[in-house]
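A structural walkthrough
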Amino acid sequence: MITVAFFDAKDYDKPSFEQYGSRHGIRFRYLETKLNEDTVDLAKGCDAVCIFVNDTVSAEVIDRLYELGVRLVALRSAGYNNVDLQAAFGKVHVVHVPAYSPYAVAEHAMALLLTSVRRIHKAYNRTREFNFSLNGLTGFDFHGKTVGVIGTGRIGRIFIDICRGFSMNVLAYDLFPAKDSGIDYVSLDELLEKSDIISLHCPLTEETRHLIDSAAIEKMKKGVVIINTSRGGLIDADALLEGIKARKVGAACLDVYEEEADVFFEDRSGHILNDDLLSRLISMPNVIVTSHQAFLTHEALNNIAETTVNNILSCFEKDGACDNELCYRCENMEQCKKERRGKCF
Ligand code: NAI
């Protein structure tokens, strides 16, 4: 029996993890708290920890997990910017779920865009009050508009296909453009200058932190719509607010926010929100915020649980390799990943 401390557990996580875990002899110990330096000891007696996007696996947390005999950090997310992979190397294996439903995220990005541009959120509230006025609800056609997609991996490419279904022109920027994809790649500056809508689908790295800052916003078209379903840190939220106040940014659709860790995923209604920047953004009529919900479909939850359980099993198999292992060496030497026959250390 493999025992796994499941941090930041939510009601919607449990059914799928119970289903796949019980089939394969894995016992999940569900904990509502997030993993960090203060809570790491809750993993005592467990073989692995299972974490989500706002758990913090710093070098200190890794050292303590190692002391406690925990040998695996299983992320139930694709993004892993919250794990210090360099510190983990040689001590604790790290696995993630590279793709669970890129459709869920790409479709949510489009849902936010349609809601925002066609003022559906405003109309919904109005008609519930029997207010049938159309004043202030004017949108714009997507047909013929230019959408700039930053990051053309699994999610970005599905988002591109969806946009093409609306007859939009698509420009893209990626550090590693996909060959023979028929995607029109341009420089980041050209994308910023020419796009009516910009959607972020690249990971958060040192390089991409605050990719959208005041200098980037300065280059954009007046009235640009910015969508972020990737990671909050890609946008300097202060600069975004300034861009909105200056009427430069026409609308923002945010499923992620840099300081979301202490706010998102919880019911905070009835409480005073301490984050003034988030409060101000939410108060704007042209900003829509969802609480990191882009992944949340039945299909995605099932895929996350199935892949995580398989990741855990393969990591605890003697000499077993796990295709979804993340390691500092693989990140820096492509060679390592290609030659992987067993675990990374
Ligand atoms: P992916 O790895 O398939 O694609 C990422 C793309 O970004 C790759 O093509 C890569 O070359 C590109 N890229 C890397 N560095 C770049 C840079 N500096 N500039 C431009 N492009 C760069 O990842 P996938 O599955 O498409 O996911 C994208 C992001 O979506 C994830 O990193 C994650 O942060 C976020 N995500 C958000 C979810 C949500 O619920 N809101 C759920 C799942 C993922």
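It should be noted that the structure appears before, not after, this text.
What you see is a predicted model; the values in this text were computed from it and never measured.

In the neighbourhood of the ligand, 22 residues make up the surrounding shell, with Tyr100, Arg154, Ile155, Asp174 and Thr229 lying closest. Between the ligand and the protein, one listed contact pairs an oxygen atom with a backbone N or O atom of arginine 154 at 2.9 Å. Side-chain polar atom of serine 230 to an oxygen atom of the ligand: 3.3 Å apart, as the coordinates give it. Relative to its unbound accessible surface of 870 Å², the ligand loses 87% to contact with the protein. Residues belonging to the shell around the ligand are distributed by class as follows: ten nonpolar, eight polar and four charged.

Applying the stated rule across the entire model yields eleven salt bridges. For arginine 64, the salt bridge is made with aspartate 41, and the minimal N-O distance between the two is 2.7 Å. Taken together, the residues span a long stretch of sequence, with arginine 64 in helix H2 (residues 59-68) and aspartate 41 in the loop between strand E2 (26-30) and strand E3 (48-51) at a distance of 23 residues. Note on arginine 64: relative accessible area 28%, which makes it partly exposed. Ionic pairing is found between lysine 219 and aspartate 189, a salt bridge with its closest N-O pair at 3.1 Å. Residue lysine 219 is located in helix H8 (residues 214-219), and its partner aspartate 189 is located in helix H7 (residues 188-194); the two are separated by 30 residues in the primary sequence. Its relative accessible area of 35% is what places lysine 219 among the partly exposed residues. The partly exposed category is assigned to aspartate 189, whose relative accessible area is 34%. Sharing partners across several salt bridges, the network here consists of Asp8, Lys10 and Glu266.

Contact geometry of helix H1 (residues 14-23) with helix H11 (residues 298-316) gives a least axis separation of 9 Å together with a crossing angle of 35 degrees. Crossing hand, H1 versus H11: right-handed. Only Leu301, Asn302, Ile304, Ala305, Glu306, Thr308 and Val309 of H11 make contact with H1, whose side of the interface consists of Ser16, Phe17, Gln19, Tyr20 and Gly21. Counted by class, the contact of H1 with H11 contains six nonpolar, five polar and one charged residues.

To continue, consider unusual backbone geometry. Of note, the phi angle at serine 167 is positive, near 60 degrees, even though the residue is not glycine. Inspection of the secondary structure assignment puts serine 167 in the loop between helix H6 (154-165) and strand E7 (169-173). By relative accessible area, which is 38% here, serine 167 ends up partly exposed. Although it is not a glycine, phenylalanine 265 adopts a positive phi angle of roughly 75 degrees. If you trace the backbone, phenylalanine 265 turns up in the loop between strand E10 (249-254) and helix H10 (276-283).

Pairing is parallel across the open sheet formed by six strands, whose spatial order is E7-E6-E8-E9-E10-E11. One side of each edge strand has no neighbouring strand; the edge strands of this open sheet are E7 and strand E11 (287-289). If you compare each strand with its neighbour and ignore which way they point, the axes differ by 15 degrees on average. Across five bridges, the pairing between strand E6 (residues 146-150) and E7 is parallel. Within the sheet, the bridge partner assigned to valine 147 lies in E7 and is valine 170.

Overall, the coordinates contain three cavities of 30 Å³ or more when judged by the stated rule. Here the largest cavity defines a volume of roughly 50 Å³. What lines the largest cavity is simply Asn228, Gly232, Ile235, Ala237, Leu240, Leu254, Val256, Tyr257 and Glu258. Here the lining of the largest cavity is composed, by residue class, of six nonpolar, two polar and one charged. What the second largest cavity holds in volume is close to 40 Å³. The wall of the second largest cavity is formed by Asp13, Phe17, Phe52, Arg76, Phe295, Leu301 and Ile304. Considering only residue class, the lining of the second largest cavity consists of five nonpolar, no polar and two charged.

Reading guide: rules and limits
- Residues numbered from 1 in each chain as written.
- Predicted model: local features only at pLDDT ≥ 70, side-chain atom pairs only at ≥ 80, totals over all residues.
- Heavy atoms only, no water.
- Near = heavy atom within 4 Å.
- Polar contact = N/O pair within 3.5 Å; in protein donor to acceptor, adjacent residues only side chain to side chain.
- Areas by Shrake-Rupley, 256 points an atom, 1.4 Å probe, with all protein chains shown as cover.
- Nonpolar A, V, L, I, M, F, W, Y, C, P; charged D, E, K, R; others polar.
- Salt bridge = Lys/Arg side-chain N within 4 Å of Asp/Glu carboxyl O.
- Helix = DSSP H or I, 4+ residues; strand = E, 2+ residues; numbered from the N terminus.
- Buried < 20%, exposed > 50% of the residue type's maximum accessible area, 1.4 Å probe, protein only.
- Axes fitted to C-alpha atoms, helices over the stretch in contact; angles between N-to-C directions.
- Left-handed = near helix turned anticlockwise from the far one by under 90°.
- Contact = heavy atoms within 4.5 Å.
- Pairing = 2+ DSSP bridges.
- 1 Å grid on protein atoms, 1.4 Å probe; cavity = no way out; pocket = protein on both sides within 12 Å on 5 of 7 lines; lining within 4 Å.
- Points joined across faces, edges and corners; volume = space filled by probe spheres on them.

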